[in-house]
Amino acid sequence: MGCGGCCRYFPCLRFTIGILTFLAFLMGILSFMAPAWLERDILEDPRDAAMTDYKTYAYGVLSSGGVQKIYEMKDDVKTVKETKYTWQFNDNWNQWAKLEDQTVMIVYAVGMLFILISLWNIAITECVPIKNQSTMLIMMVVWDILAALCIGAAVIMYCATWHNNTTLKDFCKNSGDGTEFKAFSLGICKLSWALYGAVATACVVIFVTGLNIIAAYQAKSQRRDAAFRHM
């Protein structure tokens, strides 16, 4: 079926929904795993003594890492030869010992599960002949709304409780004058790209929800028109 006329946009719309849902899932997973929710430059300060080999460092939900300086000796002088980005998954789970930290991880993971279910539904809708496709699309609306709510709630909870996390508090607290590290206040840290990616994932899912509503309406219209033609 071509893509001309009002209801004939339906196949193209389903394809668009599938692509956007897949991209949202990839972006959400990458943001979940990336060591880039809170970051800052490494200071010449005693508390950063263990990170002197890093230019910048960042913490994510599941991992941490930063721009590491590679040194070389030249004329008995230690100089920076190059820099490279290194990261690792958090192996110190004491960082996530508190209930609010565990809740952030679980709620975000549940949101990603809802996106995966929605992606599975659109794959079934495309590959398997289903008589009442509007019902399947409405189910996808429900999954997408739940996914956006979970991811949004996880981001808000993270920003509201990051000051209770001992690792993040030691990393971002302001020892001098300036912004205090507390709920929704960054201290000496700054937001990094992975947190923005999580917010963008929720926004894309909300946009896909609107497309699903349109597709469900078009599917219902197609079914009604087909019934009229057979009368």
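Anything mentioned here points back to the structure above.
Scoring rules and cut-offs
- Residues numbered from 1 in each chain as written.
- Predicted model: local features only at pLDDT ≥ 70, side-chain atom pairs only at ≥ 80, totals over all residues.
- Heavy atoms only, no water.
- Helix = DSSP H or I, 4+ residues; strand = E, 2+ residues; numbered from the N terminus.
- Buried < 20%, exposed > 50% of the residue type's maximum accessible area, 1.4 Å probe, protein only.
- Contact = heavy atoms within 4.5 Å.
- Areas by Shrake-Rupley, 256 points an atom, 1.4 Å probe, with all protein chains shown as cover.
- Core = buried A, V, L, I, M, F, W, Y, C linked by side-chain atoms within 4.5 Å.
- Pairing = 2+ DSSP bridges.
- Axes fitted to C-alpha atoms, helices over the stretch in contact; angles between N-to-C directions.
- Parallel < 35°, antiparallel > 145°, perpendicular 65-115°, else oblique.
- Left-handed = near helix turned anticlockwise from the far one by under 90°.
- Nonpolar A, V, L, I, M, F, W, Y, C, P; charged D, E, K, R; others polar.
- Polar contact = N/O pair within 3.5 Å; in protein donor to acceptor, adjacent residues only side chain to side chain.
- Phe/Tyr/Trp six-rings, centres within 6.5 Å; stacked < 30°, edge-to-face > 60°.

Counting its regular elements, the protein contains five helices and seven strands. Along the protein, helices and strands appear, N-terminal first, in the series α-β-β-β-β-α-α-α-β-β-β-α. Looking at the protein residue by residue over its 231 residues, the buried ones come to 41%. A separation threshold of at least 6 residues defines the contact pool for the protein, and within that pool the share at least 24 residues apart is 63%. Here the protein has roughly 12900 Å² of accessible surface; of this, 65% comes from carbon and sulfur atoms.

The next thing to look at is the side chain of T86. Structurally, T86 is set in strand β4 (residues 77–89). The residues touching T86, leaving out its near neighbours within four places in the chain, are Y54, G65, G66 and Q68.

Counting 40 residues, the largest nonpolar core has W37, L38, Y108, Y158 and F171 as the members making the most contacts within it. Elements represented by at least two residues in this core include exactly α1 (10–33), β2 (54–59), α2 (99–127), α3 (133–161), α4 (166–172) and α5 (193–229). Per-element tally for this core: the top contributor is α3, with eight residues. By size, the runner-up hydrophobic cluster in this structure holds twelve residues, among which are L13, A215, A216 and A219.

Of the pairings in the sheet, the one linking β2 to strand β3 (residues 63–74) comprises five bridges and is antiparallel in character. Each bridged residue has a counterpart across the sheet, and for T56 the counterpart in β3 is V67. Hairpin connection between β2 and β3: a loop of three residues separates the two successive antiparallel strands. Two strands pair when backbone bridges link them, and β3 and β4 are joined in this way by twelve bridges, in the antiparallel orientation. When the bridges of β4 are listed, M73 appears paired with K78. Counting the residues that bridge the hairpin from β3 to β4 gives two residues, and of these D75 lies at a positive phi of roughly 55°.

Moving on, we come to the packing of α2 against α3. At their nearest, the axes of α2 and α3 sit 8 Å apart, and the two run at 160° to each other. If you check the angle between α2 and α3, you find them roughly antiparallel. Considering only the axes of α2 and α3, their crossing is left-handed. Residue composition of the contact of α2 with α3, by class: 22 nonpolar, seven polar and two charged.

Let us look at unusual backbone geometry. If a residue is not glycine, its phi is most likely negative; likewise, a peptide bond is most likely trans. At F184, a position not held by glycine, the phi torsion is positive, near 60°. Inspection of the secondary structure assignment puts F184 in the loop between β5 (181–182) and β6 (185–186).

Here we come to the side chain of T209. Secondary-structure assignment places T209 in helix α5. Classification of T209 by relative accessible area gives buried; the value is 8%. In terms of polar contacts, T209 uses its side chain to reach the backbone carbonyl oxygen of V205, at 2.9 Å. Filtering out sequence-adjacent residues up to four positions away, T209 remains in contact with V141, D144 and I145.

What describes a pair of aromatic rings is the distance from one ring centre to the other and the angle between the planes of the rings. Under the criterion given, the structure shown has eleven aromatic pairs. Summarising the aromatic geometry, the rings of Y57 and Y59 are spaced 5.4 Å apart at their centres and angled 70° between planes, so their arrangement reads as edge-to-face. The class for Y57 is buried, based on a relative accessible area of 8%. Taking the centre distance of 5.9 Å and the plane angle of 85° together, the rings of Y158 and W162 count as edge-to-face.

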